[in-house]
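Breakdown of the fold
One letter stands for each residue in the lines below.
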Amino acid sequence: MAHKHIQIFDTTLRDGEQVPGCQLNTDEKIEIALALEKLGVDIMEVGFPISSPGDFDSVSKIASIITESTVCALSRAVEKDIDAAAEAVKNARMPRIHTGIGTSDSHVYSKLRTTRENVLERGVAAVKYAKRFVEDVEFYAEDAGRTDNEYLAKVLEVVIAAGATVVNIPDTTGYCLPWQYGAKIKYIKEHVRGIDKVHISTHCHNDLGLATANSIAGVEHGATQVECTINGIGERAGNASLEEVVMILRQHQDLNFDTRIQSRQLKSMSELVSTRMRMPVQSNKAIVGSNAFSHSSGIHQDGVIKSRETYEIIDPLDVGVHESSIVLTARSGRAALKFRAAKLGFDVEREQMEPYYEAFLKLADEKKVVQDQDLLSLFSS
Ligand code: KIV
Ligand code: ZN
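Residues numbered from 1 in each chain as written. Chains lettered and ligands numbered in written order. Predicted model: local features only at pLDDT ≥ 70, side-chain atom pairs only at ≥ 80, totals over all residues. Heavy atoms only, no water.

**Regarding the domain arrangement of the protein chain**
When cut into domains, the protein chain gives domain 1 (4-276) and domain 2 (294-380). Opposite the 6 residues of domain 1 that make contact, domain 2 presents 7 residues. Both sides together, the interface formed by domain 1 and domain 2 hides about 570 Å², and carbon and sulfur atoms give 55% of it. Considering only the side of domain 1, the residues that lose the most area to domain 2 are Gln251, Arg264 and Lys267, jointly responsible for 70% of the buried surface there. Between domain 1 and domain 2 we count 1 salt bridge in total. (Domains from an automatic or database assignment. Contact = heavy atoms within 4.5 Å. Buried area = accessible area lost by both parts, 1.4 Å probe. Salt bridge = Lys/Arg side-chain N within 4 Å of Asp/Glu carboxyl O.)

Okay, structure coming up:
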């Protein structure tokens, strides 16, 4: 059976760029947008044009350069926001306006200080207004994760009737558990008239470390678009990480989903975003962290040297990492030492290894990580 295509909606340049201290200038945003296009994202959300003249300018420049991905701009359900978004994406080959409003009781009563009926009317009006400018209009029900399902279904039904082409179900506060988020998407699939004509999108935040798991649960229950960012950056604890979502779908072929992402570019894409945003990637980050393919304990090293698959479920080349690394520490065994020595041209037989191994352990206790230079001295002495 052919794999079902899941659209990747990258929001590194909008939700990701909201991270304090990570703001980019227009040239940096254009550089990242071009790299995202090459990576194969279906949609890129590149800013919130009403927020500042600089953001408007970069959205409009990116819109006139990108040809292979849909270019999307964010707005609130407010006419002046939609005007700015429409103006900024007007030269895009495939423009999209993303508009919406909070639907949870907390947003309706505490933030917007209004009624559910009024929110529903404002949502419909915003979609109708955005449709005057573009065909492709995505509606977000902010804080959908904590919105009562029955009311959420009502809102979605009317915005679809008003012309929304995508309905976004954000877990804005990262509150849902995967089974709850999956059940929400299933409920929407089963109770919203017109839902089969539109895409359902996930947009999961990582406050409880569940953004990726929730996105996958959404896909398993009928979502066909995933909103995510490179390195999982975004408000507070961030968004679902693009590289994790893509590689989960790729590694679990049994799920029968795939994306258009050129996975071999994931590592360099991660480095580009990290450098330009001056935001280091944690070393144990899945897929793109510096330790994601490095092995340091003796038992693991012995296994990987015999057969990579013993401790690696992804071929590092598939994500653009040249090779797995065998890091030498005081937890490493003889097999790892022999392997690294051989790479430097020292072929030491097992029987002759003992004195070298003892000297190595002393050095490793002192230095924590033993480098090639140390090995050269050790084996030349
Ligand atoms: O987290 C959220 O709800 C958002 C919306 C604006 C889509 O970022
Ligand atoms: Zn968000």
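**Focus: the coordination of the zinc ion (ligand 2)**
Only Asp15 (OD), His203 (NE2) and His205 (NE2) from the protein coordinate the zinc ion (ligand 2), and they sit 2.1 Å from it. The sequence pattern formed by the donor residues of the zinc ion (ligand 2) is D-x187-H-x1-H. Of this pair, aspartate 15 sits in the loop between β2 (7-10) and α1 (26-39) while histidine 205 sits in the loop between β8 (199-204) and α8 (211-220), and the two are 190 residues apart along the sequence. Just as aspartate 15 is buried, histidine 205 falls in that class too. (Donors = N, O, S within 2.8 Å, 3.2 Å for Na, K, Ca; no water. Helix = DSSP H or I, 4+ residues; strand = E, 2+ residues; numbered from the N terminus. Buried < 20%, exposed > 50% of the residue type's maximum accessible area, 1.4 Å probe, protein only.)

**Some details on the packing of helix α6 (residues 149-161) against helix α7 (residues 178-191)**
Contact geometry of α6 with α7 gives a least axis separation of 10 Å together with a crossing angle of 50 degrees. Our classification of the angle between α6 and α7 gives oblique. Pair α6 / α7 crosses with right-handed handedness. Side by side, α6 and α7 meet where Asn149, Glu150, Leu152, Ala153, Leu156 and Glu157 of the first sit next to Lys184, Tyr187, Ile188 and His191 of the second. Looking at the contact of α6 with α7 residue by residue, the classes come out as 5 nonpolar, 2 polar and 3 charged. (Axes fitted to C-alpha atoms, helices over the stretch in contact; angles between N-to-C directions. Parallel < 35°, antiparallel > 145°, perpendicular 65-115°, else oblique. Left-handed = near helix turned anticlockwise from the far one by under 90°. Nonpolar A, V, L, I, M, F, W, Y, C, P; charged D, E, K, R; others polar.)

**Some points on the site of ligand 1**
Neighbouring ligand 1 are the residues Arg14, Asp15, His98, Tyr140, Glu142, Asn168, Pro170, Thr172, His203 and His205. Side-chain polar atom of aspartate 15 to an oxygen atom of ligand 1: 3.1 Å apart, as the coordinates give it. The separation between an oxygen atom of ligand 1 and a polar side-chain atom of threonine 172 is 2.7 Å. Coverage of ligand 1 by the protein chains reaches 92% of its 260 Å² of free accessible surface. Counting atoms within 2 Å of the grid points, the majority share of ligand 1 lands in the largest pocket. Within the residue set of the shell around ligand 1, elements represented by two or more residues are β6 (137-142) and β7 (166-171). Among the residues making up the shell around ligand 1, the classes are represented as 2 nonpolar, 5 polar and 3 charged. (Near = heavy atom within 4 Å. Polar contact = N/O pair within 3.5 Å; in protein donor to acceptor, adjacent residues only side chain to side chain. Areas by Shrake-Rupley, 256 points an atom, 1.4 Å probe, with all protein chains shown as cover. 1 Å grid on protein atoms, 1.4 Å probe; cavity = no way out; pocket = protein on both sides within 12 Å on 5 of 7 lines; lining within 4 Å. Sits in = over half its atoms within 2 Å of the grid points.)

**Quick word on the layout of surface pockets**
Estimates place the volume of the largest pocket at around 440 Å³. Together, 24 residues line the largest pocket, and Leu74, Arg76, Lys111, Tyr140 and Glu142 are the ones closest to its centre. Of all the secondary-structure elements, those providing two or more residues to the lining of the largest pocket are β4 (70-76), β5 (95-102), β6 and β7. It is β5 that provides the largest number of residues to the lining of the largest pocket, a total of 4 residues. Class assignment of the residues belonging to the lining of the largest pocket gives a composition of 8 nonpolar, 8 polar and 8 charged. (Points joined across faces, edges and corners; volume = space filled by probe spheres on them.)

**Concerning the nonpolar core**
Among the nonpolar cores identified, the biggest contains 90 residues, and Ile8, Leu36, Leu39, Phe139, Ile169, Leu242 and Met269 are the most heavily contacted of them. When near neighbours in sequence (up to four residues on either side) are disregarded, isoleucine 169 contacts Ala144, Leu152, Leu156, Tyr181, Lys184, Ile185, Ile188, Ile200, Ser201 and His203. Core analysis: the second largest hydrophobic core is formed by 16 residues, Leu328, Phe346, Phe360 and Leu375 among them. (Core = buried A, V, L, I, M, F, W, Y, C linked by side-chain atoms within 4.5 Å.)

**Observations concerning α6**
Compared with the 18 Å implied by 1.5 Å per residue over 13 residues, the 18 Å span of α6 between its first and last C-alpha is a close match. Turning to α6, its buried residues are Tyr151, Leu152, Ala153, Val155, Leu156, Val159 and Ile160. Looking at the buried positions of α6, the neighbouring elements they touch are α5 (116-131), β6, β7 and α7. Glycine 163 occupies a position one or two residues after α6 and carries a positive phi of about 120 degrees. (Expected span 1.5 Å × (residues − 1).)

**Regarding the side chain of glutamate 37**
You can see glutamate 37 is positioned in helix α1. Although glutamate 37 is buried, it makes no salt bridge; arginine 93 carries the closest opposite charge, 6.9 Å away. Side-chain polar atoms of glutamate 37 contact the backbone nitrogen of threonine 67, separated by 2.8 Å. (Lys, Arg positive; Asp, Glu negative; His and termini not counted.)

**Some details on helix α2 (residues 53-65)**
For α2, built from 13 residues, the straight-helix expectation of 18 Å at 1.5 Å per residue is met to within 8% by its first-to-last C-alpha distance of 19 Å. Among the residues of α2, those classed as buried are Asp55, Ser58, Val59, Ser60, Ile62 and Ala63. Looking at the packing, one finds that the buried side of α2 touches α1, β3 (43-45), β4 and α3 (79-89).

**As for unusual backbone geometry**
With a phi close to 70 degrees, asparagine 256 is a non-glycine residue in the positive phi region. As for its placement among the helices and strands, asparagine 256 is situated in the loop between α9 (242-251) and β10 (257-258). Even without a glycine there, the phi angle at isoleucine 287 is positive, about 70 degrees. Secondary-structure assignment places isoleucine 287 in the loop between α10 (266-276) and β11 (294-295).

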